[in-house]
Amino acid sequence: MDSALTEISDFIHALPAMELLPSQIIEQVVKEISICYVRRGQVLPPRGVSEHNLYILRKGALSYASENDELLAKYGEGDICTVFCHEPQDNIKVCAEEDTLLYSIHYPTFHKIVKHYPDVLAFFQHTAEQRLSKKMLQVNEDAIVNSSLLNSTVEKFYHSPVVSVSSSTSIKQAAILMTEENFSCLVIVDQGQPLGIVTDKDIRRRCVAQGLATEQPVSAIMTDNMTTIDIKSTAYDALLIMTQQHIHHLPVMQNTKLVGMVTVTDLMNNEGQNAVNITSVIHKAKTVAELSEISHMIPKLQIRMAKLGTTADHVGKSISAITMAFTIRLIEMAEKLLGPAPVPFAWLAAGSQARQEQFVHSDQDNALIISNDLKPEHEYWFKDLATFVCDGLAACGFVYCPGNVMATNPKWCQTQAKWHQYFTQWIHNPEPKALMHCSIFFDLSTVYGDSHLLEQVREKMLKATQLSTLFIAHLTKNALNLRPPLGFFRDFVLIQDGENKATLDIKHNGIAPIVDLARIYALSEGIACVNTIERLKLAAGTPSLTRASAANLIAAYEFLSMLRMTHQANKLQQGQQPNNYLSPKELSKLEREHLKDAFKVIKTLQDSRQSTF
Amino acid sequence: MLEHHFLFRSFIGYEAQRKRMLKSAPAGPLRTFLSQPFPALDTPFEDIEILAVDFETTGLDAVKDKLLSVGCVDVTQQQIKLASSYHAIIHTQGSLQADNVTIHQITDDQKDQGQPLADVIAQLLERLAGKVMLVHFARIERQFLRQACLELYGMAPPLPIIDTLVVAKKMLDKSAVAYDPSQLRLAALRAKYHLPDHYAHNALNDAIATAELLLAINAERQQALSLQQLIL
């Protein structure tokens, strides 16, 4: 190259990342430069330029603004503008703040010249990311959260065959067929062409409620002009149509032929796949920082699941599974760092995570149970493990437990023998403080490691609780301190002061009493499960709980959890910290009635527990 | 309008001279150069094909002094294309004067390894064909190129030229404020337009510096300039 271009070469060579390139490559890069001059106030790219160019600021200044003219960044001499290197992914406006002299390089050509220098390429991709980080992070999250809906076509999960009848079929025959086939809807077909659709609801509203004779043809009550969906459409399209038109069934068409049906339940089940997607992303993460970024997806997932009408039980299980995945990945990272565990151990989740009833932004409650072979010199390993994992979880948005129920607390990082001792002590000397621990430590599950360690402790513990009526009595008395709002027959008793004035604490006054009751039933009946609904199902029909009461409690629990989840989803969507304080204004009249019913159920069962002792 | 007429006539002069000279030009670089028509006068700025040129010489007298080096670069669509940049040192007889060397920094050694004048001028004419020559202070480049052509081909071609010094001078003359002639130097004008300092007295660097100045001057104008407003 001409030595005369050394001035420009020197300037380029001094730029970050370019310094990694040898002189002959710099020469090739310089040869590709076009110099252009942009007047103050002018917008990039320069007029008439449509290629994907990299711009290097030789002199002057550029400003980046968002769509809403919010200033994002300013760049000056020696800075590199990568906004136009690729197809515009973002509506960033780049404008010359001063008269600016730019070196522009056709990016694909530049890419070719430096292709053997991955560090340099990475730098350019990295700076692009940094500059777009805010937006892109969001795009990536949305992509993963939406992936199951966007990436799967209706083809993958529609029902087939669909039950179809001719238009002359009577309503009665149609209803019988639906009952036999256990389908909630039928498609009315004439000569292979779908004419309309009949659902359970149509039979109820358009036939029975109207007093229409069931001998009438089914075409009299069908919904015609039905919306269909093409088999190649995405699940996301299906969801959009269903949401917009308030329908739950969509006949699936292939060309002009009816091939099946897709329902909102199919979509919901598919949505659960997202938790699986996130879990697999977590498993691939290499650093705590990566995990921390992934954790931003959890609130989004919860919002989406809530909006889709997924049950609180399903959401709780999904979020708990994700927390478990985070914990496992962190333990694997710690083991890589610290070497293998000196003796067998298990990482335990306590409280809501163990019960699989976790929502976003919950505290971390965890503990360690270690084999009795533990030697004093091993203690450091477990201390380091606990610190690494708890700090990692905190980085992922799981705040440290305010009550210090964490594996970092030496009290909760103990051998199996010590855990046996703890439980024996709590059961035989149920002091107030011991009872406080009960609500956490009687709900334990193994997240990682040797699950036998906990199972053996639990087995012994359950034997003891079944026999100790005194313990159960104390536990019940303690649980009854949390009462649903008294006087709810007239109106709710609301929190009267502070930030959450005139609200109802749905967790402490509604959900926690049911969780406590379920625990009491489980401990008195020797049930090993920790999930509230599972405990209630298993306790149903035992001396502790009648089947009818169990069904009532489950319904109450599901309703309260649903209210809480919707409330939290709204908070999250408004960018606020989710909490448990429901304002009566948020509730419809019907919901208020349901809420009173739920409280009545809790009160009745609490009263019956009280009378037992 | 008088100015318009004058320029138009002078340009007709270039084209007429080019066509007339083409008939008698010897086969070779000059003939090839002359066979390409120059850009039309009403060409808007962004469409003018420009070659920014700078010479380093041993002095100001085209007859007595020698051409030492040539640098040039294309300006197309308001962009300076470094891929087209050309720089050559010319092999000349005799040794260089010490005080001159300090200015252009071309040493005797470099000069002795340089290319023959004929090759360099042939390269330059090939790049210049059909384009307008851009220089700062046209006298040197015009006279030295003219002289070289006379020596090599026995005739000197017409050269449409944009001179940034003259363009800037016209603008300063229009303003009522008095100015110092030193303000018309390349470095001073570049500073005025917020262009970076450049390493002067290398022919290619100066050619690029001149091209950048022209882009800056044009960008400042409310309306884009056309060739007829710029041409010398």
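If you check an unreviewed UniProt entry, chain B appears there as DNA polymerase-3 subunit epsilon from Colwellia chukchiensis.

Naming follows an unreviewed UniProt entry, where chain A appears as CBS domain-containing protein of Colwellia chukchiensis.

**What to know about the overall build of chain A**
The helix and strand inventory of chain A stands at 22 helices and 20 strands. The burial tally for chain A puts 51% of its 613 residues in the buried class. Intrachain contacts of chain A at a sequence separation of at least 6 include 71% that bridge at least 24 residues. For chain A, the exposed surface amounts to about 29100 Å²; the carbon and sulfur share of it is 52%.

**Let's talk about the sheet that holds strand β15 (residues 345–350) of chain A**
Residues and elements named next belong to chain A. Overall, mixed pairing links the four strands, which are arranged β17-β16-β15-β18 in an open sheet. Because the sheet does not close on itself, it has two edges, and the strands there are β17 (413–415) and β18 (444–449). Between one strand axis and the next, the sheet turns through 30 degrees on average, direction left out of account. As paired elements, strand β16 (residues 366–370) and β17 share three bridges and run parallel to each other.

**Quick notes on the packing of aromatic side chains**
Residues and elements named next belong to chain A. Scanning all chains against the criterion turns up 22 aromatic pairs over all chains. Ring plane angle 40 degrees and centroid distance 4.3 Å describe the contact between W412 and F441, whose orientation is recorded as tilted. Remark: F441 occurs in helix α16 (residues 432–441) and W412 occurs in the loop between α14 (379–395) and β17; sequence separation between them is 29 residues. Pair check on accessibility: W412 and F441 agree, each one buried. Directly above the ring of F11 sits R58, whose terminal nitrogen or CZ lies 4.6 Å from the centroid.

**Points about α14 of chain A**
Every α-helix winds through 3.6 residues per turn, so residues three or four apart in the chain are directed the same way. Residue and element names in this part refer to chain A. With 17 residues, α14 extends 24 Å between its outermost C-alpha atoms, agreeing within 8% with the 24 Å of an ideal straight helix rising 1.5 Å per residue. Taken together, the buried positions of α14 are W381, F382, L385, A386, V389, C390, G392 and L393. Projected onto a plane normal to the axis of α14, the buried residues spread over an arc of 160 degrees and lie on a single side. The exposed set on the far side of α14, more than 90 degrees from its buried face, consists of Y380 and K383. G397 lies just past α14 and shows a positive phi near 95 degrees.

**A short note on the layout of surface pockets**
Once rolled over the atoms, a probe with the size of a water molecule shows which space is left empty. Residues and elements named next belong to chain A. Space inside the largest pocket adds up to approximately 1300 Å³. Along the wall of the largest pocket there are 47 residues; nearest its centre are R355, D363, D365, K507 and H508. At seven residues, helix α19 (residues 506–525) tops the list of elements feeding residues into the lining of the largest pocket. Classifying every residue of the lining of the largest pocket gives 19 nonpolar, 18 polar and ten charged.

**Overview of the confidence of the model for chain A**
Residue and element names in this part refer to chain A. Model confidence for chain A is summarised by a mean pLDDT of 81, while 85% of its residues fall at 70 or above. Note on residues 127–140: pLDDT under 50 across the span, and 17 contacts to partners over four residues away in sequence or across chains. Confidence drops under a pLDDT of 50 for residues 487–493, and excluding neighbours within four residues, the segment shows 15 contacts in the predicted structure.

**Notes on the nonpolar core**
If you look at the biggest cluster of nonpolar residues, it comprises 77 residues, and the most contacted ones within it are F326, L385, W419 and F441 of chain A. When residues of this core are assigned to their parent elements, the largest contribution, ten residues, is made by helix α12 (residues 312–338) of chain A. A domain split of this core shows at least three residues from each of domain 3 (273–467) and domain 4 (477–612) of chain A. Setting aside residues up to four positions removed in sequence, W419 of chain A forms contacts with A367, L368, I369, W412, Q414, W426, F441 and V457 of chain A. Counting residues in each nonpolar core, the second largest holds 63 residues, with L15 of chain A together with I80, A211 and L215 of chain B among its members.

**Things to note about the state of the cysteines**
Applying the stated criterion to the full structure yields zero disulfides over all chains. Free cysteine C401 of chain A: the closest other cysteine sulfur is in C390 of chain A, separated by 9.7 Å.

**Some points on the packing of helix α15 (residues 416–428) of chain A against α16 of chain A**
Residue and element names in this part refer to chain A. Axis separation between α15 and α16 bottoms out at 10 Å; the angle between their running directions is 125 degrees. One way to sum up the angle between α15 and α16 is to call them oblique. When you trace α15 past α16, the crossing you get is left-handed. Facing α15, whose interface residues are W419, F423 and W426, α16 presents A434, H437 and F441. Grouping the constituent residues of the contact of α15 with α16 by class yields five nonpolar, one polar and no charged.

About the thresholds
Residues numbered from 1 in each chain as written. Chains lettered and ligands numbered in written order. Predicted model: local features only at pLDDT ≥ 70, side-chain atom pairs only at ≥ 80, totals over all residues. Heavy atoms only, no water. Helix = DSSP H or I, 4+ residues; strand = E, 2+ residues; numbered from the N terminus. Buried < 20%, exposed > 50% of the residue type's maximum accessible area, 1.4 Å probe, protein only. Contact = heavy atoms within 4.5 Å. Areas by Shrake-Rupley, 256 points an atom, 1.4 Å probe, with all protein chains shown as cover. Pairing = 2+ DSSP bridges. Axes fitted to C-alpha atoms, helices over the stretch in contact; angles between N-to-C directions. Phe/Tyr/Trp six-rings, centres within 6.5 Å; stacked < 30°, edge-to-face > 60°. Lys NZ or Arg CZ within 6 Å of the ring centre and 35° of its normal. Expected span 1.5 Å × (residues − 1). Arc of directions from axis to C-beta. 1 Å grid on protein atoms, 1.4 Å probe; cavity = no way out; pocket = protein on both sides within 12 Å on 5 of 7 lines; lining within 4 Å. Points joined across faces, edges and corners; volume = space filled by probe spheres on them. Nonpolar A, V, L, I, M, F, W, Y, C, P; charged D, E, K, R; others polar. pLDDT = per-residue confidence, 0-100. Core = buried A, V, L, I, M, F, W, Y, C linked by side-chain atoms within 4.5 Å. Domains from an automatic or database assignment. Disulfide = S-S within 2.5 Å. Parallel < 35°, antiparallel > 145°, perpendicular 65-115°, else oblique. Left-handed = near helix turned anticlockwise from the far one by under 90°.

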